[in-house]
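# Report on the structure
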Amino acid sequence: MPEEGQYYGKHGEPRKYDPTFKGPLQKRGCTDIVCCILFIIAILCYIGVGILAWSQGDPRKVIYPTDSRGQFCGQAGTPLEKKPLLFYFNIMKCASPMVLLEFQCPTTQMCVEKCPEKFMTLIKAYSNRKDFDYYKSFCKEGVTNSMAVTEILKSGLCPAMLTPSKPFTRRCFPALGKKGGMITVGNSSHFDDGTGKMRDAKDLVDGVKNATVVIEARQVVMKIFEDYTRSWYWILIGLVLATVLSLIFIVLLRFLAGIMVWIMVALVIIVIGYGIFHCYMEYAALKGTPGADVTLQDLGFQTDFTVYLQIRQTWLAFMIILAIVEVIIILLLIFLRKRILIAIALIKEASKAIGHVMCSLLYPLFTFLLLAIVIAYWATTAVFLSTSNEPIYKVFNDTACEHSRKTCDPANYTTTAMKAQCPDSECLFAFYGGETVYHKYLIGLQFYNVFLFFWCANFVTALGQMTLAGAFASYYWAFVKPDDMPSFPIFSSLGRSLRYHTGTLAFGSLILSIIQIIRVLLEYLDHKLKGAHNKCTRFLMCCLKCCFWCLEKCIKFLNRNAYIMVAIYGKNFCTSARDAFFLLMRNMIRVAVLDKVTDFLLFLGKLLIVGLVGVFAFFFFSGRVKAFEDTAPHLHYYWVPILTVVVGSYLIAHGFFSVYAMCVDTLFLCFLEDLERNDGSPERPYLMPESLRKVLNKKNKNAAAQ
């Protein structure tokens, strides 16, 4: 065949016939030992970083808010156990409520049982004993009825005023609202600031626009949370349905691969076609509706996403996108119809292989468990590292003071020279930091934590790929199936991978991790430099991100095929990557078309499952079907559970089909090697299945003679 001989010599010599070769080699040695040792050392150091972080960190700094004395509000076993909320003496000293989340508001902060519920000034409360007793619950200790108001305010024992507040992230925020287009607090647009001045409610936040965003964003978050509490069990049912559909689809592929592939293609076209029809009907129904002809650009960003569904341009955009996808799929099917037959034969053989190695369908659960452990360790270490700083106290003063914002010690601040020079200053908790050697290198430890997370996650993924590749390769090269296969192909392959090729897995995942960490750094730089660089630097940054994205995709493809060759021949990473690359280059046309066609067909399978579950979720949660009106929960945003079900369904389908994809890739490489090793003669018969031989017009000569 010209296709087979066109690249010989230029991209290595083809495999020679070896009568002793019967699949994955059992006699093999350890590969990439240096990288294995390096990986083990890195893991031990990672454990050391975790232990150091756990010994220095304090997650309570994240869980509990901190008052001006560095104490945790609501912490069990402390005097503040029953005071879980943080109250700010003068909220207007903070730029906006969002700044409070950074723990750097220059005003006295104290722990309270509950937030203020009404407007009140110290002057007015002082004249009424009952009101003053209530007011003292928001004051420091030591306030008595005999003290004068001026003395209390000068000593900073009480706030000058109280405003109606609501708890948010365990902090008392002004109860901001909107009434007649105006910002209000406690249903009033004005309030007394405690000095006799009437202030606008909008002064409590940094600008009306930002305040409106804060209010609406908080309302959206609360509504989304309520939607999840009302629909979580229906979401679980949708995810279970996706799991059942994936299993049914895979079982049907086992027996009806050819029919199922064409049915899948037809259903995908029908589902997308229905989506186009539905978008057109919605587009037509909004014709003449007041406000429906507003453009998305004029509308701008809205926190209530249902507003977009009332605009014709939204449905027109959906319709155009779906139509483009539909046309692309149909054109691909027309031009690749011959290659689809070969792809179907590969999928049939993959179905048979999975049928003989059924436990391979459960292997993604093992991978998911290992990834969950890696993610949990990374997240826990990151939290402890980020909370391992020490409380920093700074001098805060309303009037001019040369010591303002300098570091201070609250334990003896009243006797220091800074207090003497600035009598009305206070030493308040500002933020968490530190100047020790540990704190100086804290950013480096965080970087190491992120890098090892990528390395370990890629290692787990690579282990899964090599394990599945070894199991499916043993199936392909078995002369008599399944008699010549190992008793437990998955466990045998997993044992070989860990015993001999831990270094190879670490080497491949290290290369990928370096590229990924560079991409993270580029994203970080782009975020930091946003708005500060010109068009040239933005273009350069965009090119760099694009190049490294492409490089990551290429490395993933090369690694995947290298792991297959390692699983079969037991050679090191570089040799296996070279052999895999040359084998693919010698069969460039088949790789460029056939392998991608199978990926495309498997992607259509995932798309079909997601589409079916998504359409069902849409009609159920949106209440479009009368039969579901009484059953479906009443939601603020019905797209919340729909989007959750769609994303979850895709991840579930991807988990099952990833086994299929790895099986197809392994069989594809074995199929290419089979064409090079054998010629169909009685001495060198093809091991590929008869269905694949028929499509390729290949025959074993003894069978042809008969």
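All of these numbers come straight from a predicted model, not from anything done at the bench.

## Brief notes about the overall build of the chain
A tally of helices and strands in the chain yields 22 helices and 12 strands. Counting the 706 residues in the chain, one finds 46% classified as buried. For the chain, the share of sequence-separated contacts (at least 6 apart) that also reach a separation of at least 24 residues comes to 71%. Carbon and sulfur atoms provide 65% of the accessible area of the chain, an area that totals close to 36300 Å².

## Looking at the side chain of Ser576
Among the secondary structure elements, Ser576 is positioned in helix α18 (residues 573-586). Judged by relative accessible area, Ser576 falls into the buried class, the value being 1%. Here Lys571 takes part through its backbone oxygen, which lies 3.4 Å from a polar atom of the side chain of Ser576.

## A look at the confidence of the model for the chain
Low-confidence regions, as indicated by low pLDDT, have predicted coordinates that should not be scrutinised in detail. With 79% of its residues at a pLDDT of 70 or more, the chain shows a mean pLDDT of 78. Per-residue pLDDT, averaged within each element of the chain, yields its smallest value for helix α1 (residues 2-5) (42) and its largest for helix α2 (residues 33-56) (92). The low-confidence segment residues 1-9 (pLDDT under 50) makes 15 contacts with residues lying over four places distant or belonging to another chain. Residue range residues 206-212 is modelled with pLDDT below 50. Its contacts to residues more than four positions away, or to other chains, number 8 contacts.

## A few points about helix α20 (residues 639-677)
Here α20 contains 39 residues, and its C-alpha end-to-end distance of 55 Å stays within 8% of the 57 Å for a straight helix at 1.5 Å per residue. The principal kink in α20, of about 30°, is found at Phe657. The buried count for α20 comes to 29 of 39 residues, which makes it a mostly enclosed element.

## Observations concerning the packing of aromatic side chains
One pass over the structure, following the stated rule, counts 28 aromatic pairs. Here Tyr46 and Tyr448 contribute two aromatic rings whose centre-to-centre distance is 6.3 Å and whose plane-to-plane angle is 75°, an arrangement assigned as edge-to-face. Of this pair, Tyr46 sits in helix α2 while Tyr448 sits in helix α14 (residues 442-476); the two residues are 402 residues apart in sequence, bridging distant segments of the chain. According to the relative accessible area criterion, Tyr46 is buried, its value standing at 6%. Plain terms: the ring middles of Phe87 and Phe138 are 5.3 Å apart, the flat faces sit at 55° to each other, and that makes the pair tilted. Within this pair, whereas Phe87 is found in strand β1 (residues 85-88), its partner Phe138 is found in the loop between α5 (129-135) and α6 (149-155), the two being separated by 51 residues in sequence. Summarising the burial analysis for this pair, Phe87 and Phe138 share the class buried.

## Digging into the packing of helix α11 (residues 363-386) against α14
One way to put it is that α11 packs onto α14 with a least axis distance of 10 Å and a crossing angle of 175°. Compared by their axis directions, α11 and α14 come out roughly antiparallel. Residues belonging to the contact of α11 with α14 are distributed by class as follows: 17 nonpolar, 8 polar and no charged.

## Re unusual backbone geometry
Backbone phi values are negative for most residues with the exception of glycine, while trans is the configuration of most peptide bonds. A positive phi is found at Asp32, a non-glycine position, where the angle reads about 50°. Relative to the helices and strands, Asp32 is located in the loop between α1 and α2. Note on Asp32: relative accessible area 19%, which makes it buried.

## Quick look at the side chain of Ser165
As for its placement among the helices and strands, Ser165 is situated in strand β5 (residues 165-168). Classification of Ser165 by relative accessible area gives buried; the value is 14%. Among the polar contacts listed, one links the side chain of Ser165 to the backbone oxygen of Thr163, at a separation of 2.9 Å. Ignoring sequence-local partners within four residues, the contact set of Ser165 consists of Cys115, Pro116, Cys172, Phe173, Pro174 and Ala175.

## Points about the pattern of salt bridges
Oppositely charged side chains may form a pair once their charged atoms are brought near each other. Enumeration according to the criterion identifies 7 salt bridges in this entry. Lys571 is paired through a salt bridge with Asp579; the nearest N and O atoms lie 3.9 Å apart. Three or more residues joined by partner-sharing salt bridges are found here, namely Arg519, Glu552 and Lys556.

## Side note on the state of the cysteines
In total, this model carries 3 disulfides according to the counting rule given. Linked covalently through their sulfurs, Cys115 and Cys172 form a disulfide whose S-S length is 2.1 Å. The S-S bond linking Cys115 to Cys172 shows a torsion near -90°; that makes this disulfide left-handed. Residue Cys115 is found in the loop between β2 (109-112) and β3 (120-121), and its partner Cys172 is found in strand β6 (residues 171-174); the two are separated by 57 residues along the sequence. Residues Cys115 and Cys172 agree in their burial class; the two are buried. Put simply, Cys139 and Cys158 are joined by a disulfide, and their sulfur atoms are 2.0 Å apart. Residues Cys139 and Cys158 share a disulfide whose torsion about the S-S bond is about 120°; that sign makes it right-handed. One end of the pair, Cys139, is in the loop between α5 and α6; the other, Cys158, is in the loop between α6 and β4 (161-162), with 19 residues separating them in the sequence. The burial state of Cys139 is the same as that of Cys158; both residues are buried. Cys543 supplies the cysteine sulfur nearest to Cys536, a cysteine that is in no disulfide, at a spacing of 9.5 Å. Relative accessible area serves as the criterion here: at 57%, Cys536 is assigned to the exposed category. Here Cys554 is not disulfide-linked; the sulfur of Cys550 is the nearest cysteine sulfur, at 6.7 Å.

Conventions adopted
- Residues numbered from 1 in each chain as written.
- Predicted model: local features only at pLDDT ≥ 70, side-chain atom pairs only at ≥ 80, totals over all residues.
- Heavy atoms only, no water.
- Helix = DSSP H or I, 4+ residues; strand = E, 2+ residues; numbered from the N terminus.
- Buried < 20%, exposed > 50% of the residue type's maximum accessible area, 1.4 Å probe, protein only.
- Contact = heavy atoms within 4.5 Å.
- Areas by Shrake-Rupley, 256 points an atom, 1.4 Å probe, with all protein chains shown as cover.
- Polar contact = N/O pair within 3.5 Å; in protein donor to acceptor, adjacent residues only side chain to side chain.
- pLDDT = per-residue confidence, 0-100.
- Expected span 1.5 Å × (residues − 1).
- Bend = angle between axes of the 7 residues up to and from the residue.
- Phe/Tyr/Trp six-rings, centres within 6.5 Å; stacked < 30°, edge-to-face > 60°.
- Axes fitted to C-alpha atoms, helices over the stretch in contact; angles between N-to-C directions.
- Parallel < 35°, antiparallel > 145°, perpendicular 65-115°, else oblique.
- Nonpolar A, V, L, I, M, F, W, Y, C, P; charged D, E, K, R; others polar.
- Salt bridge = Lys/Arg side-chain N within 4 Å of Asp/Glu carboxyl O.
- Disulfide = S-S within 2.5 Å.

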